[in-house]
Amino acid sequence: MEPLKIGIAGLGRLGKIHAENLVKRIPNATLTAACSILQHELDFVSKHLGIKQLYTDYDEMIRSADMDAVAIITTSGMHCAHLTTALEAGKHVFCEKPLGVTIEECKHAEKVVEAHPNQVFFLGFMRRFDASYQYAMEKVKSGAIGQPYLVKAVGIDPLKYIEGALKFAPTSGGIYIDMAIHDIDLMRWFLNDDPDTVYALGSSYGYPEFASFGDAETGCALYHFKNGGMGTIHTGRTAAHGYHIETEIVGTKGSIRISPVPQKNLAVFYNEHGVVTECVGSFPERFEAAYLKEMQVFVDCVLQATKPEISVYDGTRCTQIAFATTQSYKEGKLVNIQY
Ligand SMILES: NC(=O)c1ccc[n+]([C@@H]2O[C@H](COP(=O)([O-])OP(=O)(O)OC[C@H]3O[C@@H](n4cnc5c(N)ncnc54)[C@H](O)[C@@H]3O)[C@@H](O)[C@H]2O)c1
């Protein structure tokens with residue numbers, strides 16, 4: 001079978017990772033084209049990855065490049081427009097989260113995906129492809145913890161990236177929309193349901209500047225699910241120790257904790273500081289294998305004409321929940337989530 005020809009749009013922090021995976025680690029795909037509005041990023045992929053078809057205009061890449069699929073890793077506000085153009089041109093689409101930056105964009109994306117049922121649409125909620133989360137899901141499905149009824153999620157970015165977070169804050173959509181959306185997806189996945197109500201708080205302690213952007217440095221949210229399940233999310237940006245992603249799934253017969261100590265690896269140091277394990281430093285490091293796995297699954301779906309488990313509707317639901325969470329924190333009251 002011929003390898004899948006893919007073009008990539010967006011070559012920033014995450015786009016570069018996907019581009020390198022497509023060139024070096026996914027044998028049944030060929031990265032044929034790349035697009036960025038930044039010339040130095042195009043120069044990078046030309047020099048280091050040997051990509052020849054280079055574009056600064058997305059629509060032109062979709063019209064003219066030799067490719068059957070596109071990976072959209074552009075700025076969040078462009079996802080909806082970019083996926084629409086690609087699907088309407090007959091391309092299969094891998095799209096990074098979020099599906100859209102408004103509910104209207106998500107609903108529009110649903111319609112476009114529905115209008116092209118023979119093309120693959122894949123949304124990049126990569127945590128579902130992390131080996132530990134996949135293992136936990138297998139255990140949940142096998143009944144190892146009985147009936148799961150509570151998911152507790154912690155997602156805190158490293159303090160060392162606070163300057164970048166402050167710069168991005170005015171346009172990020174806020175902590176629940178930009179950051180907690182992965183935890184929202186995981187809660188829904190493990191509880192196999194959607195929440196109907198949310199109560200959320202948010203505040204800024206070390207960096208009050210977040211408040212001036214209508215955002216919070218740290219958030220805590222509590223969810224009630226339609227099936228009686230519960231969820232909590234603690235999201236933040238000031239983990240002094242590194243990148244802290246932790247999830248606990250509690251069931252009637254036991255619980256599973258994923259990285260309660262978010263350690264870098266299995267090395268433990270015994271020195272003048274005591275017994276020390278280093279913390280994983282960043283999202284590319286923690287989810288390196290998951291970014292590769294999700295793209296491999298996308299390529300396989302296209303080549304084998306199968307549909308991914310994750311759907312465009314998951315993207316809309318997560319966005320609706322994230323907006324309701326933001327509303328609850330801003331209004332200081334319980335919000336009934338509308339779908
Ligand atoms: N799944 C995850 O864990 C995860 C992690 C980080 C980022 N993301 C998502 O990935 C996306 C990219 O994030 P990033 O941190 O790499 O951003 P970035 O700012 O580093 O890069 C953005 C890229 O988009 C390109 N771009 C912007 N507008 C464009 C246009 N009109 N046409 C063509 N290219 C355009 C830029 O040239 C740049 O290459 C965001 O939507 C973000 O939410 C997901």
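Preceding this paragraph is the structure being described.
Below or above, wherever it landed, is the structure these notes cover. (Residues numbered from 1 in each chain as written. Predicted model: local features only at pLDDT ≥ 70, side-chain atom pairs only at ≥ 80, totals over all residues. Heavy atoms only, no water.)

**Focus: the overall build of the chain**
Here's step 1: Check the secondary structure of the chain and you find 13 helices and 15 strands.
Here's step 2: For a compact globule of 339 residues, the expected C-alpha radius of gyration is about 20 Å, and the chain comes in at 20 Å, within 12% of that figure.
Here's step 3: Here the chain holds 339 residues, and 53% of them are scored as buried.
Here's step 4: Sequence-distant contacts in the chain: of pairs separated by 6 or more residues, those separated by 24 or more amount to 71%.
Here's step 5: Charge-centre separation for the chain: the mean point of 31 positive side chains lies 3 Å from the mean point of 39 negative side chains. (Helix = DSSP H or I, 4+ residues; strand = E, 2+ residues; numbered from the N terminus. Rg over C-alpha atoms; globule rule 2.2 N^0.38 Å. Buried < 20%, exposed > 50% of the residue type's maximum accessible area, 1.4 Å probe, protein only. Contact = heavy atoms within 4.5 Å. Lys, Arg positive; Asp, Glu negative; His and termini not counted. Charge placed at Lys NZ, Arg CZ, Asp CG, Glu CD.)

**Topic: the site of the ligand**
Here's step 1: Within the structure, the ligand sits among 25 residues, and L11, R13, S36, E41 and Y291 are positioned closest to it.
Here's step 2: For the ligand, a nitrogen atom lies 3.0 Å from a polar atom in the side chain of E96.
Here's step 3: When the ligand is considered free in solution it has 860 Å² of accessible area, and contact with the protein chains removes 83% of it.
Here's step 4: Secondary structure elements with two or more residues in the shell around the ligand: α1 (13-24) and α4 (79-88). (Near = heavy atom within 4 Å. Polar contact = N/O pair within 3.5 Å; in protein donor to acceptor, adjacent residues only side chain to side chain. Areas by Shrake-Rupley, 256 points an atom, 1.4 Å probe, with all protein chains shown as cover.)

**Points about the pairing of strand β7 (residues 148-158)**
Here's step 1: With respect to burial, β7 is a largely interior element, eight of its eleven residues being buried.
Here's step 2: Summarising the sheet, β7 and strand β11 (residues 244-251) pair through eight bridges and their orientation is antiparallel. Note on β11: the bridge partner recorded for L150 is V250.
Here's step 3: In terms of strand pairing, β7 meets strand β10 (residues 230-239) through eight bridges, oriented parallel. Directly across from G155, in β10, lies its bridge partner T235. (Pairing = 2+ DSSP bridges.)

**Focus on the layout of surface pockets**
Here's step 1: As a volume, the second largest pocket reaches approximately 250 Å³.
Here's step 2: Among the secondary structure elements, those contributing two or more residues to the lining of the second largest pocket are α6 (131-141) and β12 (255-258).
Here's step 3: Its residues assigned to classes, the lining of the second largest pocket shows nine nonpolar, three polar and four charged. (1 Å grid on protein atoms, 1.4 Å probe; cavity = no way out; pocket = protein on both sides within 12 Å on 5 of 7 lines; lining within 4 Å. Points joined across faces, edges and corners; volume = space filled by probe spheres on them. Nonpolar A, V, L, I, M, F, W, Y, C, P; charged D, E, K, R; others polar.)

**Let's talk about the packing of α4 against helix α5 (residues 103-114)**
Geometrically, a packed helix pair is captured by the angle between its two axes and the distance between the axes.
Here's step 1: Here α4 crosses α5 at 10 degrees, and the two axes come no closer than 10 Å. Put simply, α4 runs roughly parallel to α5. Within the contact between the two elements, α4 uses C80, L83, T84 and L87 and α5 uses E105, H108, A109, V112 and V113.
Here's step 2: In terms of residue class, the contact of α4 with α5 is made up of six nonpolar, two polar and one charged. (Axes fitted to C-alpha atoms, helices over the stretch in contact; angles between N-to-C directions. Parallel < 35°, antiparallel > 145°, perpendicular 65-115°, else oblique.)

**A look at the nonpolar core**
Here's step 1: Grouped together as the largest cluster of nonpolar side chains are 97 residues, with contacts concentrated most on I6, M61, F121, F190 and F298.
Here's step 2: Each of domain 1 (4-119) and domain 2 (128-289 + 318-336) contributes no fewer than three residues to this core.
Here's step 3: With sequence-adjacent residues up to four places away left out, I6 is seen in contact with L22, A29, T30, L31, T32, A33, M67, A69, V70, A71, F298 and V299.
Here's step 4: Residues I162, L166, A169 and F210 belong to the second largest nonpolar core, which totals five residues. (Core = buried A, V, L, I, M, F, W, Y, C linked by side-chain atoms within 4.5 Å. Domains from an automatic or database assignment.)

**Quick notes on the packing of helix α9 (residues 181-191) against helix α13 (residues 312-331)**
Here's step 1: Where α9 contacts α13, the two axes come as close as 9 Å, and the packing angle between them is 115 degrees. Classified by chirality, the crossing of α13 by α9 is right-handed. Each of I181, I184, D185 and R188 in α9 lies in contact with α13, whose residues at this interface are D314, R317, C318, T319, I321 and A322.
Here's step 2: Looking at the contact of α9 with α13 residue by residue, the class counts come to five nonpolar, one polar and four charged. (Left-handed = near helix turned anticlockwise from the far one by under 90°.)

**With respect to α9**
Here's step 1: Along α9, eleven of the eleven residues are buried, which leaves the element largely enclosed by surrounding structure.
Here's step 2: The positive-phi residue at the C-terminal boundary of α9 is N192, with phi of around 50 degrees.

**What about the packing of aromatic side chains?**
Here's step 1: In total, this model carries nine aromatic pairs according to the counting rule given.
Here's step 2: Centroid distance F122 to F298: 6.0 Å. Interplanar angle 70 degrees. Geometry classified as edge-to-face. Taken together, the positions of F122 in strand β6 (residues 121-124) and F298 in helix α12 (residues 288-304) put the pair 176 residues apart, joining distant regions of the chain. Across the pair, F298 and F122 agree in class, each one buried.
Here's step 3: Relative to F190, the ring of Y133 has its centre 6.5 Å away and its plane inclined at 40 degrees; by these criteria the two rings are tilted. Here Y133 is found in helix α6, whereas its partner F190 is found in helix α9, with 57 residues between them in sequence. Taken as a pair, Y133 and F190 share a single burial class, namely buried.
Here's step 4: The positively charged end of K16 is found above the aromatic ring belonging to F44, 5.2 Å away from the centroid.
Here's step 5: Over the ring of Y339 we find R317; its NZ or CZ atom is 4.4 Å from the centre of that ring. (Phe/Tyr/Trp six-rings, centres within 6.5 Å; stacked < 30°, edge-to-face > 60°. Lys NZ or Arg CZ within 6 Å of the ring centre and 35° of its normal.)

What is shown is where atoms sit, not what they do.
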